[in-house]
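Analysis of the macromolecular model
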Amino acid sequence: MRKRAVVYVDGFNFYYGAVRGSPYKWLDLERFFRLLLPNDDIHAVRYFTALIKGPTSPNQERYLRALATRSLVEVVLGKFKTKNVACRVAGCTYGGAKFFQVPEEKRTDVNIGVRMLDDAYQNVCDRFVVVSGDSDLVPALNLVKLRFPAKQILVYVPTRNLIRGAAVELRSAADRHRDLPLNLLPHAQFSAVVADGGGSIAKPTSW
């Protein structure tokens, strides 16, 4: 029998590790993971992200609408919170307060951990497929393994960079791990125009 699988995608980790600067941002996640896990019975692809603000926010909005057309994909939203960061530029001569505000993504790690544990207790799947390189997820993986030792955890680290892709702690917490195979990206793109219940969604021109 095929293993029941649920995929948990850390959206920003995935973006910066796999598709930023590439022509493959218009990615059909459901198709991608069907290609990656052809022998699994995928029950859900949970995509964890937060709504950005700024000139690229319409692109993200289009992409989330496109993802919503896929029956297995669930978008789980966190949020951004601004925080004050001290300027550390050596020799800075600015005479004012040397602090500036930067956005910080919140709740994604907690959302992933909570959903994994909930899925484990409800016996939604036999295999947890975690797409991230973030060590903050290690406690959640460890608790799932402690409470449900028969279940399997696979970690795929999205990376184009050896240092960023090390993710030693997260890899060590999994039953199996590997780099996310980026060669599948070109084979899992949405069409340039995606139909949905409200009409159609066009791929952003800058993508």
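This text follows the structure it describes.
To start, this report covers the structure provided alongside it. (Residues numbered from 1 in each chain as written. Predicted model: local features only at pLDDT ≥ 70, side-chain atom pairs only at ≥ 80, totals over all residues. Heavy atoms only, no water.)

1. Some remarks on the overall build of the chain
The secondary structure content of the chain amounts to six helices and ten strands. By the burial criterion, 43% of the 207 residues in the chain qualify as buried. The long-range fraction of contacts in the chain, counting pairs at least 24 apart against all pairs at least 6 apart in sequence, stands at 74%. (Helix = DSSP H or I, 4+ residues; strand = E, 2+ residues; numbered from the N terminus. Buried < 20%, exposed > 50% of the residue type's maximum accessible area, 1.4 Å probe, protein only. Contact = heavy atoms within 4.5 Å.)

2. Focus: the sheet that holds strand β3 (residues 73-77)
Pairing in this open sheet of six strands is parallel, and the strands run β3-β2-β1-β6-β7-β8 from one edge to the other. At either margin of the open sheet sits one strand with a lone partner, and together these are β3 and β8 (176-179). Within this sheet the neighbouring strands show an average axis-to-axis angle of 20 degrees, counted without direction. This element, helix α2 (residues 29-36), spans β1 (4-10), β2 (41-49), β3, β6 (127-131) and β7 (152-157) of the sheet and lies at about 130 degrees to β2. (Pairing = 2+ DSSP bridges. Axes fitted to C-alpha atoms, helices over the stretch in contact; angles between N-to-C directions.)

3. A short note on a nonpolar patch on the surface
Where nonpolar side chains cluster on the molecular surface, the patch consists of Leu51, Val75 and Leu77 and spans about 240 Å² of accessible area. Relative to the elements of secondary structure, Leu51 occurs in the loop between β2 and α3 (57-67). (Patch = residues over 30% accessible without salt bridge, like charges linked within 9 Å, V, L, I, M, F, W, Y side chains within 5 Å. Areas by Shrake-Rupley, 256 points an atom, 1.4 Å probe, with all protein chains shown as cover. Salt bridge = Lys/Arg side-chain N within 4 Å of Asp/Glu carboxyl O.)

4. Some remarks on the pairing of β1
Counting buried positions over the seven residues of β1 gives six, a clear majority of the element. Across five bridges, the pairing between β1 and β6 is parallel. Bridge pairing in β6 places Val9 opposite Val131.

5. What to know about the pairing of β2
Burial runs high along β2: seven of the nine residues are buried. Handedness of the crossover joining β2 and β3 through α3 is recorded here as right-handed. (Right-handed = clockwise from strand over helix to strand, strands pointing away.)

6. A short note on the nonpolar core
Of all hydrophobic cores here, the largest spans 35 residues; its most connected members are Phe14, Leu29, Phe32, Phe33 and Tyr63. Residue assignment for this core shows that the elements contributing at least two residues are β1, α1 (11-19), α2, β2, α3, β6 and β7. When sequence neighbours within four positions are dropped, the list of residues in contact with Phe33 reads Val7, Val9, Ile42, Val45 and Val131. One finds Ala44, Val155, Val157 and Ala173 within the second-largest nonpolar core, a separate group that totals 23 residues. (Core = buried A, V, L, I, M, F, W, Y, C linked by side-chain atoms within 4.5 Å.)

7. Focus on the packing of helix α4 (residues 108-121) against helix α5 (residues 138-147)
With their axes 9 Å apart at the nearest point, α4 and α5 run at an angle of 10 degrees to one another. Relative to α5, α4 is oriented roughly parallel. Contact with α4, carried on its side by Gly113, Met116, Leu117 and Tyr121, involves Ala140, Leu141, Leu143, Val144 and Arg147 of α5 and no other residues of that element. Among the residues forming the contact of α4 with α5, the class breakdown is seven nonpolar, one polar and one charged. (Parallel < 35°, antiparallel > 145°, perpendicular 65-115°, else oblique. Nonpolar A, V, L, I, M, F, W, Y, C, P; charged D, E, K, R; others polar.)

8. With respect to the layout of surface pockets
Reported here for the largest pocket is a volume of approximately 450 Å³. Lining the largest pocket are 19 residues, with Phe12, Tyr15, Ile52, Gln60 and Trp207 sitting closest to its centre. Within the residue set of the lining of the largest pocket, elements represented by two or more residues are α1, β2 and α3. A total of six residues in the lining of the largest pocket trace back to one element, the largest contributor, which is α1. Of the residues that constitute the lining of the largest pocket, the class distribution is twelve nonpolar, six polar and one charged. (1 Å grid on protein atoms, 1.4 Å probe; cavity = no way out; pocket = protein on both sides within 12 Å on 5 of 7 lines; lining within 4 Å. Points joined across faces, edges and corners; volume = space filled by probe spheres on them.)

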